[in-house]
Amino acid sequence: MDFHNRKRKTDLLIPPPLRIKIIGAGPTGALLALAMSRAGSQVSLYDSLDEESLLARSRAYALTHSSRELLDKLSLWEPLSPFVNSFTTLHLEDRGLLKKVNFELNDLNKSHLKYGAIGWIVDHKSLMKILYSRISQDPNILFELLSESSSSLDNNDLVVAADGPTSFTRRSWGIRVFNLPYRQGCLTAKVIIRGANESTAHEILRPEGPLALLPMGGEIFQVVWSAPISLCKERAAFTTSQFLDQLAAILPYGFEPDILLESPTAFPMRFSLSLGLGSRNKLLIGESAHRFHPVGGQGLNVCWRDVQTLMHLIEKYNNGMVKRGSLLTAYSAARFLDVLAIGVFTDLLVRVYSNRFFPLKVLRFFVITLISLSSSVRRFLLHFMTYGPTKFFTILSD
Ligand SMILES: Cc1cc2nc3c(=O)[nH]c(=O)nc-3n(C[C@H](O)[C@H](O)[C@H](O)COP(=O)(O)OP(=O)(O)OC[C@H]3O[C@@H](n4cnc5c(N)ncnc54)[C@H](O)[C@@H]3O)c2cc1C
């Protein structure tokens, strides 16, 4: 076969770029748009809100190494790095048993040691500004705000719904959801806490619900305070001094909450899993497909592992290794175990630790003793929180 004939044959095998419509430009949809463009697709991205409202959410995210790897791959880590705060210690406390354990850098996989951090905290606004700025410069992405795009294909090859936990698209596609509401709600606020170390993140498991302190740099902490929803609402309505006094009473010894930087927000929580991820050309991704309790800071990291998987599959499609009609099946198979395992794990954590039942206290005693005695157990847990149940062989070979 001469050169021209061979070239013509290869050209025929390479599929044309996919046209992908993404509904929802939250952290999942925005990152997905960049990932799909990087994978050679033509993307249109829609959100029903304007940019000011999209940036205005007051949240901070704890990023794991899997999220960092994706940001690195998309050349986003470098512009983001001035805005992230790394933590080198994760302090875990069982308040019911008065037992504590620290996860340190030497509990990481060897391949992660070079990053010098167990994880990173980033503020929603800083993250989204960088994603939107990159999107606006990307010639492969059409970005439309204040746009309630329909969930139909139009001229696209694939529609991806990243429109969050109350997904309108999911409902319009008739996909049902498994919902397990918690009696607990969650209260979030940014607080200046004196006496706390900016390199340490805290997960304090209390009988009324977990309390996380995410260091955002300096003395600023994002407080994620779970408790029965009625208590959360009561606390959200407190005066500033009442709120700080109540918080002071449950913080570790020597921590003084000094200034409340914003009004606390209370919201209900639930574990939900969509019973199906779409059909041939339609796909649910991120919180439109799954939502977990915030304990362990897994929510956004799992959403971004969805993005990573879809990007990988589109790259395979471009190389002729996956057919277009098999994308959804391949995606569902690749994501099933991770999503289910993290959902069940976070649910169990909440149930076992928000509990005063004596046999469970005995179990917890053994678990925390094992964690504090064994570096291998700590390494395994950090690995699980980073990749879910996938990549087990990397931990064995590390
Ligand atoms: C009050 C609150 C506080 C939280 N705090 C934290 C925290 O402290 N730390 C943490 O890690 N996680 C937190 N989370 C969870 C975190 O916000 C989610 O994991 C993350 O936002 C999921 O991203 P997403 O893009 O999948 O969904 P979302 O962020 O919900 O984004 C969905 C997007 O779709 C858009 N949209 C919806 N319907 C349509 C439509 N019909 N057409 C077009 N666009 C549409 C919405 O405007 C939105 O921009 C919090 C969640 C809530 C609700």
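Residue positions are given per chain, counting from 1 as you read along its sequence in written order. For a predicted model such as this one, the threshold for reporting local features is a pLDDT of at least 70, and the threshold for listing and counting side-chain atom pairs is 80 or more; totals across whole chains, interfaces and linings nevertheless cover every residue.

### Comments concerning the overall build of the protein chain
Here is step 1 of the chain: Tallying secondary structure elements over the protein chain gives 15 helices and 18 strands in all.
Here is step 2 of the chain: To sort residues by burial, count the other C-beta atoms lying within 10 Å of each one's C-beta; a count of 20 or more means buried, 12 or fewer means exposed, and anything in between means partly exposed. C-beta atoms are built from the backbone. Sorting the 398 residues of the protein chain into buried and exposed places 41% on the buried side.
Here is step 3 of the chain: Put simply, of all contacts in the protein chain between residues at least 6 apart along the chain, 75% involve residues at least 24 apart. Starting at the N terminus, helices and strands are each numbered in turn, a helix being any DSSP run of H or I of at least four residues and a strand any DSSP run of E of at least two. By the convention adopted here, residues are in contact when the distance between their C-beta atoms, placed from the backbone, does not exceed 7 Å.

### What about the site of the ligand?
Here is step 1 of the chain: Nearness is defined per residue: the C-beta atom, placed using the backbone, must lie within 6 Å of the molecule or strand. Residues in close proximity to the ligand total 34 residues, the closest being Gly24, Gly26, Gly164, Gly286 and Gly299.
Here is step 2 of the chain: When contributions to the shell around the ligand are tallied by element, the ones reaching two or more residues are α2 (27-38), β3 (60-63), β13 (220-228), β15 (265-274) and α11 (299-318).
Here is step 3 of the chain: For this classification, Asp, Glu, Lys and Arg are treated as charged, while Ala, Val, Leu, Ile, Met, Phe, Trp, Tyr, Cys and Pro are nonpolar and the rest, including Gly, are polar. Looking at side-chain class alone, the shell around the ligand contains 16 nonpolar, 13 polar and five charged residues.

### Regarding α11
Here is step 1 of the chain: Here α11 contains 20 residues, and its C-alpha end-to-end distance of 29 Å stays within 8% of the 28 Å for a straight helix at 1.5 Å per residue.
Here is step 2 of the chain: With respect to burial, α11 is a largely interior element, 14 of its 20 residues being buried.
Here is step 3 of the chain: Looking one or two residues past α11, Gly320 carries a phi angle of roughly 75°, positive in sign. In a helix, the anticipated span is given by 1.5 Å times the number of residues less one.

### Re the nonpolar core
Here is step 1 of the chain: Among buried residues, those of type Ala, Val, Leu, Ile, Met, Phe, Trp, Tyr and Cys that are joined through C-beta atoms within 7 Å form a set called a nonpolar core. Leu32, Ala33, Val160 and Leu214 are the most contacted members of the largest nonpolar core, which totals 96 residues.
Here is step 2 of the chain: Counting residues per element, this core draws most heavily on α11, at nine residues.
Here is step 3 of the chain: Setting aside residues up to four positions removed in sequence, Val160 forms contacts with Ile20, Ile22, Leu32, Leu283 and Ile285.

### As for the sheet that holds strand β2 (residues 42-46)
Here is step 1 of the chain: Between any two strands, pairing holds if DSSP finds at least two bridges. Overall, mixed pairing links the six strands, which are arranged β8-β2-β1-β9-β17-β16 in an open sheet. This sheet does not close on itself; its edge strands, each paired only once, are β8 (141-144) and β16 (278-279).
Here is step 2 of the chain: Relative to strand β17 (residues 282-284), β16 runs antiparallel, the two being bridged by two bridges. Counted as the bridge partner of Ser279 is Lys282 from β17.

### Considering the confidence of the model for the protein chain
Here is step 1 of the chain: Per-residue confidence for the protein chain gives a mean pLDDT of 93; residues scoring 70 or more make up 95%.
Here is step 2 of the chain: Across residues 1-12 the pLDDT falls below 50, and counting only partners more than four positions away or on other chains, this stretch makes one contact in the model. Confidence of the predictor at the level of single residues is captured by pLDDT, which takes values from 0 to 100.

### What to know about the environment of Arg57
Here is step 1 of the chain: As for its placement among the helices and strands, Arg57 is situated in the loop between α3 (51-55) and β3.
Here is step 2 of the chain: Along the backbone, Arg57 and Phe103 are 46 residues apart, and their C-alpha atoms lie at a distance of 30 Å.

### Here's the deal with the sheet that holds strand β4 (residues 84-87)
Two orientations exist for strands paired in a sheet by backbone hydrogen bonds: parallel and antiparallel.
Here is step 1 of the chain: Read from one edge to the other, the open sheet built from three strands follows the order β3-β7-β4, with strand pairing classed as antiparallel. Both outer strands of the open sheet, β3 and β4, are each paired with one neighbouring strand and no more. Mean inter-strand twist for the sheet, computed between neighbouring axes without regard to direction, equals 25°.
Here is step 2 of the chain: The sheet contact formed by β3 and strand β7 (residues 119-123) spans four bridges and is antiparallel. From the neighbouring strand, Tyr61 faces β7, where its bridge partner is Val122.
Here is step 3 of the chain: Comment: axis = line fitted to C-alpha atoms, over the contacting stretch for helices; angle = value between 0 and 180 degrees taken between N-to-C directions. On top of the sheet, helix α7 (residues 124-137) reaches β3 and β7; it is set at about 80° to β7, its chief contact.

### Thoughts on the packing of α2 against α11
Here is step 1 of the chain: Taken N-terminus to C-terminus, the directions of α2 and α11 make an angle of 20°; their axes are 10 Å apart at the nearest point. By the angle between their directions, the pair α2 and α11 is classed as roughly parallel. Pair α2 / α11 crosses with right-handed handedness. Seen from α2, the contacting residues are Pro27, Thr28, Leu31, Leu32, Ala35 and Met36; seen from α11, they are Leu300, Cys303, Trp304, Asp306, Val307, Leu310, Met311 and Ile314.
Here is step 2 of the chain: Residue composition of the contact of α2 with α11, by class: twelve nonpolar, one polar and one charged. Throughout this description, any angle smaller than 35 degrees is read as roughly parallel, any larger than 145 degrees as roughly antiparallel, any in the 65 to 115 degree range as roughly perpendicular, and the remainder as oblique. The sense of a crossing depends on the near helix, which, turned anticlockwise from the far helix by less than a right angle, makes the crossing left-handed and, turned clockwise, makes it right-handed.

### So, the pairing of strand β11 (residues 200-206)
Here is step 1 of the chain: Counted residue by residue, β11 has five buried out of seven residues, so it is predominantly covered.
Here is step 2 of the chain: Summarising the sheet, strand β5 (residues 89-94) and β11 pair through six bridges and their orientation is parallel. Each bridged residue has a counterpart across the sheet, and for Asp94 the counterpart in β11 is Leu205.
Here is step 3 of the chain: Relative to strand β12 (residues 209-217), β11 runs antiparallel, the two being bridged by five bridges. Note on β12: the bridge partner recorded for Leu205 is Pro210.

### Comments concerning the environment of Ala39
Here is step 1 of the chain: With respect to the helices and strands, the residue Ala39 is situated in the loop between α2 and β2.
Here is step 2 of the chain: Linking Ala39 and Lys125, residues 86 residues apart in sequence, is a C-alpha distance of 26 Å.
Here is step 3 of the chain: Once residues within four sequence positions are removed from consideration, Ala39 is found in contact with Met311, Ile314, Glu315 and Asn318.

### Comments concerning the packing of α2 against α7
The angle between the axes and the distance between the axes are what describe a pair of packed helices.
Here is step 1 of the chain: Between α2 and α7, the shortest axis-to-axis distance is 10 Å and the interhelical angle comes to 35°. In this structure, α2 meets α7 at a crossing whose hand is left-handed. Packed against α2, whose contacting residues are Pro27, Ala30, Leu31, Ala33 and Leu34, the element α7 presents Leu127, Met128, Leu131, Tyr132, Arg134 and Ile135 at the interface.
Here is step 2 of the chain: Residue composition of the contact of α2 with α7, by class: ten nonpolar, no polar and one charged.

### Comments concerning unusual backbone geometry
Here is step 1 of the chain: Here Leu98, not a glycine, exhibits a phi torsion of approximately 60°, which is positive.
Here is step 2 of the chain: Summarising the element assignment, Leu98 is placed in the loop between β5 and β6 (99-103).
Here is step 3 of the chain: Residue classification places Leu98 among the exposed positions, given that 7 C-beta atoms sit within 10 Å.
Here is step 4 of the chain: Even without being a glycine, Leu146 presents a positive backbone phi close to 50°.
Here is step 5 of the chain: Within the secondary structure, Leu146 sits in the loop between β8 and β9 (158-161).
Here is step 6 of the chain: With 11 C-beta atoms counted inside 10 Å, the residue Leu146 sits in the exposed group.

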